[in-house]
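Results of the structural survey
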Amino acid sequence: MSQPRYLQIVQQLRNRIQNGEYPPNTRIPTENELSVSMGVSRPTVRQALNLLEQEGRLTRVKGSGTYVTEPKIQHESTRFVIGYQEESRERHNHLHTSVLALQKEKPGKLAAKALGLAEGERVTRMVRLRWLEGMYNGCPIVYTTVYVPVRLFPEMDEQNFTDASFYEMLDSRGLTVMRTSQRLDVRMPPAEVAAELKLSPFEPTVYIVSTGYSQNGIAVEYSESYYPASRSSFNIEINRGR
């Protein structure tokens, strides 16, 4: 049995997007132009465009037209304990980092609890903003704050994390993160985070809280990350226990 005509149109438009005939961020022909060139009615074209919009391949801008969306970045860190720099390297993406803060301080309650700190213990807090070259017009893809006990990495605030991998630095000091506990929410970011990520006032983020543990179960790092929901998606793999 043949496919409905609108699904055939969907596949044709998908192919044009995938082969680069309709590149990301470009406007596609109007409903009327597509209906004429494809020999179908405008309602059929509209039905196809609606489905492609639901898939996240197209976005409509009122008064301007329909545009091809830039593909979301697939994050693998919910499956493997690797740093963002390593993940980007594996995908052949050029990662840029800006360190917004790097200092020793008294931790807040959440960080102190996650890291199992004793009364009076201090942490080094690092805030980083990261973006991928040539994607999203230079807009950042993650805003991360990480906390590490000073007793584990006393010279952390003297390091250059603009180019260096945080996880690789931990590895070199015998603090390899072997396991993480993560919690994922969708939430509106604080105003200062939204400004750094170049988000509109009503754009949500994927918020991930993570605690990394060494092989002997010591909490090495606690982090809070904001990923723009419009630029990110996550692969989550769950194995059935026995």
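As the structure is a prediction and not an experimental result, all values here were calculated from the model. (Residues numbered from 1 in each chain as written. Predicted model: local features only at pLDDT ≥ 70, side-chain atom pairs only at ≥ 80, totals over all residues. Heavy atoms only, no water.)

**Examining the confidence of the model for the protein**
Any residue range with low pLDDT should be treated as having predicted coordinates unsuitable for detailed reading. When pLDDT is averaged across the protein, the result is 86; 87% of the residues are at 70 or more. The model gives residues 78-85 a pLDDT under 50, and that stretch makes 28 contacts with residues more than four places away or in other chains. (pLDDT = per-residue confidence, 0-100. Contact = heavy atoms within 4.5 Å.)

**Observations concerning the sheet that holds strand S6 (residues 142-149)**
Taken in spatial order, the six strands line up as S4-S5-S6-S9-S8-S7 in an open sheet, and their pairing is antiparallel. In this open sheet, the two edge strands, each paired with only one partner strand, are strand S4 (95-105) and strand S7 (179-187). Across the sheet, the mean angle separating the axes of adjacent strands is 15 degrees when strand polarity is ignored. (Pairing = 2+ DSSP bridges. Helix = DSSP H or I, 4+ residues; strand = E, 2+ residues; numbered from the N terminus. Axes fitted to C-alpha atoms, helices over the stretch in contact; angles between N-to-C directions.)

**Thoughts on the side chain of Thr144**
Here Thr144 lies in strand S6. Among the polar contacts listed, one links the side chain of Thr144 to the side chain of Ser225, at a separation of 3.0 Å. With residues near it in sequence (within four places) discarded, Thr144 still touches Met126, Val127, Arg128, Ser223, Glu224 and Ser225. (Polar contact = N/O pair within 3.5 Å; in protein donor to acceptor, adjacent residues only side chain to side chain.)

**Comments concerning the packing of aromatic side chains**
All told, the structure shown has five aromatic pairs when counted by the stated rule. Judged by centre distance (4.8 Å) and plane angle (45 degrees), the ring pair of Tyr207 and Tyr226 falls under tilted. A residue pair is termed long-range when its members are at least 10 positions apart, and Tyr207 in strand S8 (residues 205-213) and Tyr226 in strand S9 (residues 219-228) qualify at 19 residues. By the burial criterion, Tyr207 is buried, and Tyr226 matches it. Here the aromatic residues Tyr143, Tyr207 and Tyr226 are joined through ring pairs into a cluster of three or more. Geometry around Tyr213 places Arg179 over its ring, the cationic atom sitting 4.2 Å from the centre. (Phe/Tyr/Trp six-rings, centres within 6.5 Å; stacked < 30°, edge-to-face > 60°. Buried < 20%, exposed > 50% of the residue type's maximum accessible area, 1.4 Å probe, protein only. Lys NZ or Arg CZ within 6 Å of the ring centre and 35° of its normal.)

**A look at the pattern of salt bridges**
If charged atoms from side chains of opposite charge come close, those side chains can pair. Counted according to the given criterion, the structure contains 10 salt bridges. Ionic pairing is found between Arg60 and Glu53, a salt bridge with its closest N-O pair at 2.7 Å. For Arg60, a relative accessible area of 30% gives the class partly exposed. A salt bridge links Arg187 to Asp185; its shortest N-O distance comes to 3.7 Å. (Salt bridge = Lys/Arg side-chain N within 4 Å of Asp/Glu carboxyl O.)

**Quick look at the pairing of strand S1 (residues 58-61)**
Of the strand pairs in this sheet, S1 and strand S2 (residues 65-68) are connected by four bridges, and their pairing is antiparallel. Following the sheet pairing, Leu58 is matched in S2 by Val68. Connecting S1 to the antiparallel partner S2 that follows it, the hairpin turn spans three residues, and Gly63 within it adopts a positive phi of roughly 80 degrees.

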